[in-house]
Amino acid sequence: MDTSKLKPQPLSYYLKGFKQFICAVLILFGVYLAAIWYQFSFAHLYGLEAHDPNFETYWMSWLYTEIVLEIIIAICLWSYLWVTRELTLDHVTPNQELQRYCTFSLFLAVYAWTLYWGVSYFTEQDGAWHQVVTRDTSFTPSHIMIFYLSFPLYIIAGVCTLLYAHTRLPIYQTEGVSLAHVILVAGPFMILPNVGLNEWGHAFWFMEEFFSAPLHWGFVILGWCGLGLLGVILQIMERVSEILNSLDTQNTLTQADS
Amino acid sequence: MSNTLPSEPNATTAHIIKALEWILIPTLFFVIIGSFHIHMMLTAGDWDFWLDWKDREWWIVLSPVVTITFCAALHSFFWKNFRLPIGATFAILALLTGEWVVRITGFHAWSHYPINLVTPATFLAGAVAIDAIFLLTRSMLLTAILGAPVYALLFFPSNWAWLAAFHVPVELHDQVMTVADLIGFEYVRTGTPEYIRMIERGTLRTFGQHSVAISSFFAAFLSSLVYVLWWFIGKSFSSLKYIKERI
């Protein structure tokens, strides 16, 4: 093995994607703040009555716009990660693999940020809204932000983590699919289809009085899948430890030879 | 974990490990906020949202039992892999962060409920206590037997400091009620109906009307069982498994 490839690089080499990570977090933060500002500005004004023409103007237009943009963003990001993939990962050096694990961790951090806004902030905020307003549509001002903005955004980010890992990390080619990673992404993803059950239930029964109703427990069980991150962290630490050990051993041997 | 780090890592190795820690620990924190918060809000949320739902029987049983879940899962993860007895405090800090952000910006600023009405319960005293017991015993079983009950028993006392003032009786239109009830009646919600609060429908006034104590001890018993169950759930999620076959 060419030991020059094993020489440790400066930290900036491993954290090459850090600027893009900061940009992604800030852009997403801006999107969420804009959504909250819109709710504060127009929810009580035009979001109380689904048959009001202003509801169509202010809320349904927002809904159609965000859905179109999300589809475009998903296609662009997922295609980019797929098209720029490497067909074989045999040539990846330990340093490159370490760098990729750092980037993969940054991808997970972006996913965590979107997951927080989706299943924590906007979900409980939805409860705050429906304790005030009894719904007459599936597209309430809170639902438009939770189900059709924040959920799709974390699904896009989650699939990005899967695509990155499968196309850049050698262990996903040699060992197969990480069970914990699939759980981490698929569980919260399934919350979106579960919205269908939720909307059906809210049409069939009167559910407004009780946020902890059994109808909502599907969200709870799928939310537990976030714990899949525990396994993913252990897998990262295990592989990074292996690489660092090999780097350390090789460097020691090189020093002894010289 | 089967691999350990080099015994004397060089500077670059140490920097990489530290960088990964700085990325992955906040990542875990935000994911736990999300997972734990949605779990809490959709199983015990109504009792945590509203001041007038914080009764002396059901709220005291439900809240510790529902929240010890993620504490146990993270105990399993942090202790078995990193020898850190911080799982409960980490989980509760995440939960309270998520709750406080929405109570202030969502319930208070957007829906205009007074913050007194929507203050979340605290679990921090119990979380610190169960972590300390775990550190001292270094045993899942002993923590389930000793720590989980302490976690549940501390729930009501640690909340009583801020809650007591709202349980003072007041008279309005010849009706005696608590200040909490009065605030609740002033701010009508879809969750307001009296019948929906599943409290004290029975005729028994247990143990000389000291419902809090018996509720706390019942919560303590249940918490022990739930702690063990969720320890293993946490262990299951900490899977290192890769699947090679096509699913």
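Here, every reference points to the structure presented above.
What this report covers is the structure whose coordinates are included nearby. Keep in mind it's a predicted model, so treat the numbers as computed, not measured. Counting restarts for each chain, with residues numbered from 1 along the sequence as it is written. The lettering of chains begins at A and the numbering of ligands begins at 1, in the order of writing. Residue-level local features of this predicted model are given only where pLDDT is at least 70; pairs of side-chain atoms are given and counted only at 80 or more, and the full residue set underlies all totals for whole chains, interfaces and linings. Side-chain metrics in this entry use all non-hydrogen atoms of the structure; hydrogen atoms and water are not considered.

**Side note on the overall build of chain A**
- Secondary structure follows DSSP: runs of H or I at least 4 residues long count as helices, runs of E at least 2 residues long count as strands, and numbering of each begins at the N terminus. Tallying secondary structure elements over chain A gives 9 helices and 1 strand in all.
- Counting only C-alpha atoms, chain A reaches 80 × 35 × 30 Å along its principal axes.
- A 1.4 Å probe rolled over the protein chains alone gives each residue an accessible area, and that area as a share of the maximum for its type sets the label: buried under 20%, exposed over 50%, partly exposed in between. The buried share of chain A, reckoned over its 258 residues, is 55%.
- As displayed, chain A has an accessible area near 11,000 Å², and 69% of this comes from carbon and sulfur atoms.
- Counting rule applied: Lys, Arg positive; Asp, Glu negative; His and chain ends not counted. Here the site of a charge means atom NZ of a Lys, CZ of an Arg, CG of an Asp or CD of a Glu. Positive and negative side-chain charges of chain A, numbering 9 and 20 respectively, have mean locations separated by a distance of 18 Å. In this description, accessible areas are obtained by the Shrake-Rupley approach with a 1.4 Å probe, and a residue is regarded as covered only by the protein chains that are shown.

**Let's talk about the overall build of chain B**
- For chain B, the count of helices and strands is 10 helices and 3 strands.
- Moving toward the C terminus, one meets the helices and strands of chain B in the order α-α-α-α-α-α-α-β-β-α-α-α-β.
- For chain B, the spread of C-alpha atoms along the three principal axes comes to 75 × 40 × 40 Å.
- Within chain B, the fraction of its 247 residues that count as buried is 53%.
- Contacts in chain B between residues at least 24 apart in sequence constitute 72% of all its contacts with a sequence separation of at least 6.
- Summed over all atoms, the accessible surface of chain B reaches about 11,200 Å², with 68% contributed by carbon and sulfur.
- Of the side chains in chain B, 15 bear a positive and 16 a negative charge, and the two mean positions are spaced by 15 Å. By definition in these notes, contact holds between two residues if any of their heavy atoms fall within 4.5 Å.

**Re unusual backbone geometry**
Residues and elements named next belong to chain B.
- For Arg83, which is not a glycine, the phi torsion comes out positive at approximately 55°.
- A positive phi angle is found at Asp174, which is not glycine, with a value near 65°.
- Structurally, Asp174 can be placed in the loop between strand E1 (169–172) and strand E2 (175–178).

**Considering the interface of chain A and chain B**
- Taken residue by residue, the interface counts 76 residues in chain A and 74 residues in chain B.
- Summed over both partners, the accessible area lost on bringing two parts together, with a 1.4 Å probe, is the buried area. In total, chain A and chain B occlude about 6,700 Å² of area from one another, counting both sides; carbon and sulfur atoms represent 72% of this.
- Ranking the residues of chain A by area buried against chain B places A:Glu124, A:Glu209 and A:Leu234 at the top, with a combined share of 11%.
- Whenever a carboxyl oxygen of Asp or Glu lies within 4 Å of a side-chain nitrogen of Lys or Arg, that contact is scored as a salt bridge. The tally of links from chain A across to chain B stands at 1 salt bridge.
- Linking A:Glu124 and B:Arg103 is a salt bridge whose minimum nitrogen-to-oxygen distance equals 2.5 Å.
- Under this definition, polar contacts are N or O atom pairs within 3.5 Å; protein pairs additionally need one hydrogen-donor-capable and one acceptor-capable atom, and for neighbouring residues in sequence, both atoms have to be side-chain atoms. Across the contact surface, chain A and chain B share 21 residue pairs in polar contact (both at pLDDT 80 or more).
- Going through the elements one at a time, helix H1 (11–14), helix H2 (18–46), helix H4 (94–130), helix H6 (170–174), strand E1 (177–178), helix H7 (179–204), helix H8 (217–224) and helix H9 (228–257) of chain A are the ones with two or more residues in the side of chain A that touches chain B.
- Per element, the largest residue contribution to the side of chain A that touches chain B is 21 residues, and it comes from H4(A).

**Points about the environment of A:Trp78**
All names here are of chain A.
- Positionally, Trp78 belongs in helix H3 (residues 53–83).
- What makes Trp78 partly exposed here is its relative accessible area of 29%.
- As a C-alpha pair, Trp78 and Gln173 span 95 residues in sequence and 19 Å in three-dimensional space.
- Every residue in contact with Trp78, bar those within four places of it in the chain, is listed here: Ile155, Ile156, Val159, Cys160 and Leu163.

**A closer look at H4(A)**
- Every helix has an expected span of 1.5 Å times one less than the residues it contains. When the terminal C-alpha atoms of H4(A) are compared, their 53 Å separation across 37 residues agrees well with the 54 Å that a helix rising 1.5 Å per residue should span.
- Here the bend at a residue means the angle between the axes of two seven-residue stretches, the one that ends at it and the one that starts at it. Of all the bends found along H4(A), the most pronounced is centred on A:Trp117 and spans about 30°.

**Some remarks on the packing of H4(A) against H7(A)**
All names here are of chain A.
- Comment: axis = line fitted to C-alpha atoms, over the contacting stretch for helices; angle = value between 0 and 180 degrees taken between N-to-C directions. Interaxial distance between H4 and H7 falls to 12 Å at its minimum, and their mutual angle equals 25°. Between H4 and H7, the angle is such that the two are roughly parallel. As for how H4 packs across H7, the hand of that crossing is left-handed. Residue-level contacts link Phe104, Leu108, Tyr111, Leu115 and Val119 of H4 to His181, Leu184, Val185, Pro188 and Ile191 of H7.
- Class assignment of the residues belonging to the contact of H4 with H7 gives a composition of 9 nonpolar, 1 polar and no charged. Angle categories: roughly parallel below 35 degrees, roughly antiparallel above 145, roughly perpendicular from 65 to 115, and oblique for all the rest. The hand of a helix crossing depends on one turn: near helix anticlockwise from the far one by less than a right angle means left-handed, and clockwise means right-handed. Residue classes follow a fixed rule: Ala, Val, Leu, Ile, Met, Phe, Trp, Tyr, Cys and Pro count as nonpolar, while Asp, Glu, Lys and Arg count as charged, and any other residue, Gly among them, counts as polar.

**Observations concerning the nonpolar core**
- Within this scheme, the nonpolar core is defined by two criteria: the residues are buried Ala, Val, Leu, Ile, Met, Phe, Trp, Tyr or Cys, and they are joined through side-chain atoms within 4.5 Å. Formed by 151 residues in total, the largest nonpolar core has its most connected members in A:Phe104, A:Phe122, B:Leu28, B:Ile32 and B:Tyr227.
- The greatest single-element share of this core, amounting to 19 residues, is contributed by H4(A).

**Quick notes on the packing of aromatic side chains**
Residue and element names in this part refer to chain B.
- Think of it this way: a Phe, Tyr or Trp ring, Trp meaning its six-membered ring, pairs with another when their centres are within 6.5 Å, and the plane angle makes it stacked under 30 degrees, edge-to-face over 60, tilted otherwise. Tallied over the entire structure, the rule returns 58 aromatic pairs over all chains.
- Either the NZ atom of lysine or the CZ atom of arginine qualifies as a charge over a ring when it sits within 6 Å of the ring centre and within 35 degrees of the ring normal. When the ring centre of Phe107 is taken as origin, the NZ or CZ atom of Arg103, which lies over that ring, is 5.7 Å away.
- Arg189 extends its terminal NZ or CZ atom over the ring of Trp50, reaching a point 4.6 Å from the ring centre.

**Observations regarding the pairing of E1(B)**
Residues and elements named next belong to chain B.
- For two strands to be treated as a pair, DSSP must find no fewer than two bridges joining them. Examined bridge by bridge, E1 and E2 share 4 bridges and lie antiparallel to one another. Directly across from Pro169, in E2, lies its bridge partner Thr178.
- Taking the residues that link successive antiparallel strands as the turn, the E1-E2 hairpin has 2 residues, and the phi of His173 there is positive, at about 50°.

**A closer look at the pattern of salt bridges**
Residues and elements named next belong to chain A.
- As enumerated under the stated definition, the model contains 6 salt bridges over all chains in all.
- Linking Glu86 and Arg100 is a salt bridge whose minimum nitrogen-to-oxygen distance equals 2.6 Å. Placement of Glu86 in the loop between H3 and H4 and of Arg100 in helix H4 is noted, with a sequence separation of 14 residues between them.
- Looking at Glu86, the relative accessible area reads 24%, which means it is partly exposed.
- A network of salt bridges, in which partner residues are shared, links Glu97, Arg239 and Glu242.

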